[in-house]
Amino acid sequence: MKPLISKIAGCGSYLPERVLTNDELATKVDTSDAWIVERTGIRQRHIAAEGEFTSDLAFEAARSALADAGLAAADVDMIVVATTTPDYTFPSVATQVQGRLALGHGTAFDVQAACSGFIFGLAVADNFIKSGQAGAVLVIGAETMSRILDWKDRATCVLFGDGAGAVVLVAAEKEQDDLGRGGTANARVRGVLSTHLHSDGRLADLLYVDGGPSTSQATGYLRMQGREVFRRAVVNLSDVVVEAMTANGLTADDIDWVVPHQANKRILDGTARKLKLPSDRVVVTIDRHANTSAASIPLALDVAVRDGRIQDGQLILMEAMGGGMTWGAGLVRW
Ligand code: ACO
C-alpha cells in the first residue's frame with residue numbers, strides 16, 4: 001500500500017453578523033480609527049451576539065466546509081477544534097459540534113495553542129490520517145475572543161474579533177501528479193506536505209489570560225506585553241517558515257500564497273520582508289476580521305478560495321504564533 005496523505009477536500013467559515021468599527025470602539029475607549037489602523041491595520045471586527053457561543057460559530061463553519069467538500073457529516077470520523085474560548089471548561093467544543101452534527105461515531109476533541117491553534121489542529125489531524133487512524137477529519141478554528149477581552153484596556157481590546165473557519169481533510173494514497181515547481185518529489189504531491197510545531201513555555205508571561213478554573217474559578221482577561229510579542233513574532237515566524245520550506249526543498253519563489261495568522265498587519269509585513277516574500281502573495285484579512293486567534297487562518301483561507309485567488313495545485317504556506325508561546329507552520333499543495 002502507498003503511504004497516506006491528507007488532502008483538503010473543502011473549506012468554510014462563519015462570521016457573526018454584528019460588525020464593530022474602530023469609530024464605534026472609539027466611543028467606548030480612549031482610542032481612534034487612525035491609531036488602530038496605523039499600528040495594526042485593523043478597521044473593524046465581528047462580535048458574537050449575546051447567546052451566540054464558540055460552538056455555534058464552529059458548527060456553522062463546519063457545515064460550510066462539509067458543503068464545500070460535498071461530504072455528509074456521517075462521513076467524518078474525527079473532529080478537532082482549536083480554541084482558547086470554549087463555551088464551557090468541558091465538554092469540549094469539538095464534542096458539542098459532534099452532537100450538533102448528530103454524530104455518535106469516531107472521536108472529537110479540542111486542542112489549545114492560542115493563536116497557533118489551527119496549525120496545531122492541522123498537524124494533529126494530518127498525523128492521524130497519515131498513520132491510518134482517521135479517514136476524514138474536520139479541523140476547525142473557532143473563537144469568541146470578545147468574551148476574554150478587558151474592554152477597558154485599549155492596548156488589547158482593539159486587536160481582536162470573533163469568528164470560525166474549518167477545513168475537511170481526507171485520507172488519500174500519495175500520488176505524484178507533477179503539479180508543482182518544487183524541487184523534491186514530495187513538493188509535487190497534493191495535500192498537506194508537512195507541519196512544523198514549536199513552543200517555549202518560558203515565554204508564557206508575554207501573552208496570557210489571567211484566569212481559569214483552577215486558579216480563580218473565573219474566565220479572566222487577555223494580558224499582553226505587545227512590543228515583546230511583536231519582536232518575537234517576526235523572528236519565530238521567519239524561522240519556522242524557513243524550516244518548512246527547507247524540509248520540502250522549496251524556496252520563497254515556490255510559494256503561491258502565504259495565509260498567515262492575522263495578528264497585526266505590521267507583523268505580516270515584517271515577516272514577509274524578512275523572507276523576501278512579495279506582499280501581494282500574502283492573504284490579508286486583518287482589516288475586516290481583526291485577530292480572531294485560532295480562527296484567523298481558516299477564515300483567511302476561505303476568503304482567498306472563495307474570491308478565486310487560491311487555485312488547484314498551488315502551494316500554500318500557513319504560519320502562526322500565539323500565547324504559550326507557541327508557533328508553527330504548515331505547507332499544503334491545494
Ligand atoms: N489607542 C490609542 N493609544 C493607544 C492604544 C490604543 N488602542 N493602545 C495603546 N496606546 C498608547 C499607549 O498607551 C502608549 O501611550 P504612551 O506612550 O502615552 O504611554 C502608546 O500608545 C504606545 O504604546 P505601545 O504599547 O508601546 O504601542 P505599540 O507601538 O507597541 O503598539 C501594539 C501596540 C499594536 C499592541 C503593538 O505592540 C503590537 O502590534 N504588538 C504585537 C502584538 C499583537 O499583535 N498581538 C496580537 C496577539 S498575539 C498574536 O496573535 C501573535
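First, a word on scope: everything that follows refers to the structure included in this document. (Residues numbered from 1 in each chain as written. Predicted model: local features only at pLDDT ≥ 70, side-chain atom pairs only at ≥ 80, totals over all residues. Heavy atoms only, no water.)

Our next topic: the overall build of the protein chain. Along its length, the protein chain carries 10 helices and 13 strands. Expected size for 334 residues packed as a compact globule is a radius of gyration near 20 Å; at 19 Å, the protein chain falls within 12% of this value. Viewed in the frame of its principal axes, the protein chain has a C-alpha envelope of about 60 × 45 × 40 Å. Put simply, the protein chain has 334 residues, and 56% of those count as buried. Residue pairs in contact within the protein chain that sit at least 24 positions apart in sequence constitute 75% of those at least 6 positions apart. Of the roughly 13,600 Å² that the protein chain leaves accessible, carbon and sulfur atoms contribute 50%. (Helix = DSSP H or I, 4+ residues; strand = E, 2+ residues; numbered from the N terminus. Rg over C-alpha atoms; globule rule 2.2 N^0.38 Å. Buried < 20%, exposed > 50% of the residue type's maximum accessible area, 1.4 Å probe, protein only. Contact = heavy atoms within 4.5 Å. Areas by Shrake-Rupley, 256 points an atom, 1.4 Å probe, with all protein chains shown as cover.)

What follows covers the pairing of strand 5 (residues 107-111). Pairing analysis gives 5 bridges linking strand 4 (residues 78-82) to strand 5, with the strands arranged parallel. Bridge pairing in strand 5 links A82 to V111. Regarding topology, helix 4 (residues 93-100) serves as the crossover connection from strand 4 to the parallel strand 5, and that connection is right-handed. (Pairing = 2+ DSSP bridges. Right-handed = clockwise from strand over helix to strand, strands pointing away.)

All right, on to the sheet that holds strand 4 then. Taken in spatial order, the 5 strands make up an open sheet running 1-7-6-4-5, and their pairing is mixed. Since the sheet does not close on itself, it has two edges, and those belong to strand 1 (4-14) and strand 5, each with one partner. Shown here is a sheet whose adjacent strand axes are inclined to one another by a mean of 20°, direction ignored. One ladder, built from 10 bridges, connects strand 1 with strand 7 (residues 162-173); its direction is antiparallel. Following the sheet pairing, I8 is matched in strand 7 by L169. The sheet contacts of helix 3 (residues 54-69) involve strand 1, strand 6 (136-144) and strand 7, and relative to strand 1 the element is tilted by about 120°. (Axes fitted to C-alpha atoms, helices over the stretch in contact; angles between N-to-C directions.)

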